[in-house]
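# Secondary and tertiary structure notes
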Amino acid sequence: MTGLSASLYAADPLRLEEEIVAVAPYVESFHLDIMDGVFAPEYGLSGRLVGDLRRVTEKPLDVHLMVGDPRGAIVRHAEAGVRSIAVHVECGSDLVEAAAIVRANGGRLLAAIRHTTPVSRLQDVADTVDGILFMTAPLGGGAFDHN
């Protein structure tokens with residue numbers, strides 16, 4: 001079965017609760033992009049938002065970390081009870097340690113990979129992660145790259 005996941009990146013941040021409530025009946029989960037302004041252009045979603053979202057929805061939350069040093073964010077989001085955390089192979093993080101942290105909190109670890117990174121980079125982490133998140137656009141947004 002395939003379910004739809006609504007990206008909060010596309011929501012109006014000034015109407016976030018209203019937009020979540022409006023689409024919740026039609027989606028299986030919500031996807032949160034967390035950007036640090038270093039690895040990817042800065043975007044306003046933060047770890048605090050994960051806790052706040054629990055007041056608005058019981059839908060699963062999937063976090064995509066587009067950060068240069070994800071360890072602290074992995075711990076915070078795993079402890080907040082998200083369903084999955086995607087960490088970029090390009091950031092050089094220890095995905096074995098990340099997987100242990102996420103799984104200890106009942107979540108899944110995904111390897112995220114930019115659309116410009118060779119897929120062969122996934123060979124080293126294939127046995128460590130629970131899934132893969134393929135980017136189809138540049139970090140921080142942009143046009144779909146079908147090349």
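Whatever comes next refers back to the structure up there.
Here's what I pulled together on the structure shown here. It should be emphasised that the depicted structure is a prediction, and the values quoted were computed from it without experimental measurement.

With that settled, the discussion passes to the pairing of strand 2 (residues 29-35). Counting buried positions along strand 2 gives 7 out of 7 residues, so the element sits mostly inside the fold. Neither face of strand 2 is open: one carries Ser29, His31, Asp33 and Met35, the other Phe30, Leu32 and Ile34, and all of them are buried. Judged from the 3 bridges that link them, strand 1 (residues 5-7) and strand 2 form a sheet pairing that is parallel. Bridging from a neighbouring strand, Ser5 pairs with Ser29 of strand 2. Bridge analysis of strand 2 against strand 3 (residues 61-66) gives 6 bridges, and the strand direction is parallel. Each residue of the ladder has a partner; that of Asp33, found in strand 3, is His64.

Turning our eyes to something else, we now look at the pattern of salt bridges. Here the structure, examined in full by the defined rule, presents 6 salt bridges. Here the salt bridges do not stand alone but share partners, grouping Arg15, Glu18 and Glu19 into one network.

Viewed as axis vectors pointing N to C, helix 3 (residues 71-79) and helix 4 (residues 95-104) meet at an angle of 15°, and their least axial separation amounts to 9 Å. Judged on the interaxial angle alone, helix 4 and helix 3 are roughly parallel. Helix 4 is crossed by helix 3, and the crossing has right-handed handedness. Where helix 3 approaches helix 4, its residues Arg71, Ile74, Val75 and Ala78 are matched on the opposing element by Glu97, Ala98, Ile101 and Val102. Of the residues belonging to the contact of helix 3 with helix 4, the class tally is 6 nonpolar, no polar and 2 charged.

What counts and how
Along each chain, numbering runs from 1 in the same order as the chain's sequence is written. Residues qualify for local features only when their pLDDT is at least 70, as the model is predicted, and side-chain atom pairs are given and counted only at 80 or more; totals for whole chains, interfaces and linings, by contrast, use all residues. Based on all heavy atoms of the structure, the side-chain values leave hydrogens and waters out of the count. Buried means the residue's accessible area, taken with a 1.4 Å probe over protein chains only, is under 20% of the maximum for its type, while exposed means over 50%, and partly exposed covers the values in between. The way it works is that DSSP assigns letters per residue, a run of H or I at least four long becomes a helix, a run of E at least two long becomes a strand, and they are numbered from the N terminus. We call two strands paired when DSSP finds no fewer than two bridges between them. The salt bridge criterion pairs a side-chain nitrogen of Lys or Arg with a carboxyl oxygen of Asp or Glu, the two atoms within 4 Å. Here an axis means a line fitted to C-alpha atoms, over the contact stretch when the element is a helix, while the angle between two N-to-C directions is reported on a 0 to 180 degree scale. Our angle categories are set so that under 35 degrees counts as roughly parallel, over 145 as roughly antiparallel, 65 to 115 as roughly perpendicular, and the remainder as oblique. Helix crossings are classified by the rotation of the near helix relative to the far one: an anticlockwise turn of less than a right angle makes the crossing left-handed, while a clockwise turn makes it right-handed. When checking whether two residues touch, look at their non-hydrogen atoms; a contact exists if any pair is within 4.5 Å. In the scheme used here, Gly and all other residues not listed as nonpolar or charged are polar, with Ala, Val, Leu, Ile, Met, Phe, Trp, Tyr, Cys and Pro taken as nonpolar and Asp, Glu, Lys and Arg as charged.

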